[in-house]
Amino acid sequence: MHIQPVKQLKGTLKVPGDKSISHRSIMFGALAKGTTTVEGFLTGEDCLSTIACFRQMGIHIEQVQDKVTIQGKGLYGLTKPNSILDVGNSGTTMRLMSGILSGQSFEVNITGDASIRKRPMDRIIRPLTSMNANISSLSGNGLAPLSIKPSLLKPIDYISPVASAQVKSSILLANLYTGSTSTVKEPTLSRNHSEIMLNHFGAHVEINGSLVTSHPIKELFANHVVVPSDISSAAFFMVAGLICPNSDLILKDVGINPTRDGIIHVLKEMNGSIEVIDKRVVNGEPIADLHIKSSKLKGTIVEGDIIPTLIDEIPVIAVAAAYAEGTTIIKDAGELKVKETNRIDTMVSELKKMNIHIEATADGMIIVGGNRIQGAHVQSYDDHRVAMSLAIAALGANGHTRIENSGCIAISYPTFESDLSSLIHI
Ligand SMILES: O=C(O)C1=C[C@@H](OP(=O)(O)O)[C@@H](O)[C@H](O)C1
Ligand SMILES: C=C(OP(=O)(O)O)C(=O)O
């Protein structure tokens, strides 16, 4: 991808559907009785991997652009796939599906791409094994490929060492097969889309702060799902609109669930002009339009309980910090090291090439803003969020930027480049 600096960004944009909610609509739709319909589905490669896996397990799924119909077969309707399940680049698919597969009466192996095979799976293997799942790492090192064999699951009261919606959801899904009550306590609350959507499908999941209780149910029932626009995708345009001069953007129908909206708080704290307009609720998920205007940003500290609510947005927050006056410190974000890449290392190495003052710390980064930012030849390391964050950094730089391996953007935001072009006024 080639990016030239821009003079301003202007217009209205509806970014594609939320990735987390899109994955869950397929999984829960497959396990529900009856026909589930989805609108606003994200056609990113990760969500298409989820569709492919469930098709391989005998679920009829029709997908035409962002409209999906799933013929659910109930909690016990999945069938043994003919070959290994491949989640591609998607950690969410691997970890949530493992919870579901632990409760099936067939044996299955799951794998994914080179990045997935380096990401920690012991974080789900441990609690699922405590639930009596027969799940193991085929290489014996806590990494995928995983093998899952049939077993009779029992409930768990799990105190999670990590605030991870993927770990929490994996346990909630496995608990559908225990006929009993399980709880998960997190160090700080992670995104709660599974809890909200499971209840929308007739489950009984209680949320008490960072403690979630899954009560026994007989079955899930099909429903209609409207997917909000993904705040993690909108984040790129929030930062772009703030750092590019004379900009004025409206981002439509963005999911602003409080377990996901940390980026709005941080950018406002940095003096960003973001107005949250027309708040409403769809399928239990709060959404709103966001009005973004160019702003003179200042540095801030991002740490503590807010981190899980903006974990995927930290790469682009680092870009905002580079354009701000003063120093920004990001702490408590060690989870960034186990994403598609080590996002602390990849962002630090590539933003340095753009003449940005940024240093890695043990659990985050320190960015000193206000330097003259230079266009450069940079790498995505096949990490979609890194690629898009670098594209945003390039919009306000001096000179041209070339981003290698930008094709990975299709993992979460296939129309990123054309959406960006639609707002550019050179
Ligand atoms: O549950 C989900 O849909 C997700 C949870 C987060 O991962 P962790 O659970 O590993 O924090 C996030 O980074 C990922 O993009 C999507
Ligand atoms: C970490 C991410 O996704 P996943 O864990 O599903 O691969 C992401 O989209 O930034």
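Rules used throughout
Residues numbered from 1 in each chain as written. Chains lettered and ligands numbered in written order. Predicted model: local features only at pLDDT ≥ 70, side-chain atom pairs only at ≥ 80, totals over all residues. UniProt positions renumbered as here; feature names shortened; annotations may be inferred. Pairing = 2+ DSSP bridges. Helix = DSSP H or I, 4+ residues; strand = E, 2+ residues; numbered from the N terminus. Core = buried A, V, L, I, M, F, W, Y, C linked by C-beta atoms within 7 Å. Buried ≥ 20, exposed ≤ 12 C-beta atoms within 10 Å, placed from the backbone. Contact = placed C-beta atoms within 7 Å. Near = placed C-beta within 6 Å. Nonpolar A, V, L, I, M, F, W, Y, C, P; charged D, E, K, R; others polar. Domains from an automatic or database assignment. Axes fitted to C-alpha atoms, helices over the stretch in contact; angles between N-to-C directions. Arc of directions from axis to C-beta. pLDDT = per-residue confidence, 0-100. Parallel < 35°, antiparallel > 145°, perpendicular 65-115°, else oblique. Left-handed = near helix turned anticlockwise from the far one by under 90°.

The name an unreviewed UniProt entry gives the protein is 3-phosphoshikimate 1-carboxyvinyltransferase, with Petrocella atlantisensis as the organism. Regarding the protein, the UniProt comment filed under Catalytic activity (unreviewed entry) reads as follows: "3-phosphoshikimate + phosphoenolpyruvate = 5-O-(1-carboxyvinyl)-3-phosphoshikimate + phosphate".

Asker: Sorry, what's going on with the pairing of strand β16 (residues 248-255) here?
Answerer: Two faces, one strand: in a regular strand the side chains alternate between the faces of the sheet. In the sheet, strand β2 (residues 8-13) pairs with β16 via four bridges, with the strands oriented parallel. Within β16, the position partnered with L13 by the bridge is L251. Sheet analysis places β16 next to strand β18 (residues 285-293), joined by six bridges and oriented antiparallel. Directly across from G255, in β18, lies its bridge partner I287.

Asker: Would you mind showing me how to read the nonpolar core here?
Answerer: Grouped burial of nonpolar side chains is what soluble globular proteins tend to show. Ranked by size, the top nonpolar core spans 77 residues in total, and within it M238, V239, I317, A318, A320 and A322 carry the most contacts. Residue contacts for A320: discarding those within four places in its chain leaves V239, L242, I243, L267, M270 and L297. Ranked by size, the runner-up nonpolar core spans 60 residues in total, among them A32, F54, M57 and A174.

Asker: What is the right way to read the site of ligand 1 from this model?
Answerer: Residues in contact with ligand 1, as listed here, are S20, T92, S164, A165, Q166, S169, S190, R191, I311, D312 and E335. Broken down by element, the residue count for the shell around ligand 1 peaks at three residues, all from helix α5 (residues 165-175). Residue classes in the shell around ligand 1 are distributed as two nonpolar, six polar and three charged. If you count residues domain by domain, the shell around ligand 1 takes at least three from each of domain 1 (2-16 + 228-425) and domain 2 (19-226).

Asker: Explain the sheet that holds strand β10 (residues 157-159) to me, please; I cannot follow it from the model alone.
Answerer: Pairing between the strands of a sheet comes from backbone hydrogen bonds, and it takes one of two forms, parallel or antiparallel. Taking strand neighbours across the sheet as the criterion, the four strands line up as β10-β11-β13-β12 in an open arrangement whose pairing is mixed. Of all strands in the sheet, those with a lone pairing partner are β10 and β12 (204-208), marking the two edges. Neighbour-to-neighbour, the strand axes of the sheet open up by a mean angle of 15°, direction not taken into account. Two elements, β10 and strand β11 (residues 182-185), share three bridges in a ladder whose sense is parallel. Across the sheet, Y158 pairs through a bridge with V184, a residue of β11.

Asker: Would you mind going over helix α12 (residues 416-423) with me for this structure?
Answerer: The α-helix advances 3.6 residues per turn, and as a result positions three or four apart in sequence lie on the same side. Looking at α12, one finds that the buried residues are F416, L420 and L423. Along the axis of α12, the buried residues cluster in a sector spanning 60°; they form a single face. Facing away from the buried side of α12 by more than 90 degrees, the exposed set consists of S418 and S421. On its buried side, α12 packs onto β2, β16, α11 (384-395) and β25 (424-425).

Asker: Help me out: how do you make sense of unusual backbone geometry in this one?
Answerer: Glycine aside, the phi torsion of most residues is negative, and most peptide linkages are trans. Following A144, the chain continues to P145 via a peptide bond in cis, the omega torsion being 5°. Its place among the elements puts P145 in the loop between β8 (134-137) and β9 (146-149). Residue D253 is not a glycine yet carries a positive backbone phi of 55°. By secondary structure assignment, the location of D253 is in strand β16. At N271, a position not held by glycine, the phi torsion is positive, near 80°. Summarising the element assignment, N271 is placed in the loop between α8 (262-269) and β17 (273-282). Look at N271 and you get partly exposed, because 15 C-beta atoms sit within 10 Å.

Asker: Could you clarify how one ought to interpret the site of ligand 2 in this entry?
Answerer: Taken together, K19, D46, S90, G91, T92, D312, K339, E340, R385 and S412 form the complete shell of residues around ligand 2. Class assignment of the residues belonging to the shell around ligand 2 gives a composition of no nonpolar, four polar and six charged.

Asker: I keep staring at the confidence of the model for the protein and nothing clicks. Help me out?
Answerer: Detailed reading of the predicted model is not advised wherever pLDDT is low. With 100% of its residues at a pLDDT of 70 or more, the protein has an overall mean of 98. For the protein, the element scoring lowest by mean pLDDT is β25, at 84; helix α1 (residues 19-31) scores highest, at 99. This complex was scored by the predictor with a pTM of 0.99 and an ipTM of 0.99.

Asker: What's the story with the UniProt feature "binding site: 3-phosphoshikimate" (unreviewed entry) in the protein in this structure? I'm lost.
Answerer: Listed under "binding site: 3-phosphoshikimate" (unreviewed entry) in the UniProt record, and renumbered for this structure, are K19, S20, R24, S164, Q166, D312 and K339. Structurally, S164 can be placed in the loop between β10 and α5. Residue S164 is classed as buried on the basis of its 23 C-beta neighbours within 10 Å. In this fold, Q166 is placed in helix α5. Residues contacting Q166, with those up to four places away along its chain left out, are G91, T92, R95 and L96.

Asker: How do you make sense of the packing of helix α9 (residues 314-322) against α11 when you look at a structure like this?
Answerer: How two helices pack is summed up by the angle between their axes together with the distance between the axes. Their axes nearest at 8 Å, the elements α9 and α11 cross at an angle of 20°. Taken as axis vectors, α9 and α11 run roughly parallel relative to one another. The handedness of the crossing between α9 and α11 is right-handed. Within the contact between the two elements, α9 uses P315, V316, V319 and A322 and α11 uses R385, V386, S389, I392 and A393. Classifying every residue of the contact of α9 with α11 gives seven nonpolar, one polar and one charged.

Asker: Would you take a moment to explain the domain arrangement of the protein for this structure?
Answerer: Many authors give the size of an interface as the accessible area that is lost as the parts come together. Each domain of the protein was delimited in the assignment, giving domain 1 (2-16 + 228-425) and domain 2 (19-226). Between domain 1 and domain 2, the C-alpha centre-to-centre distance is 29 Å.

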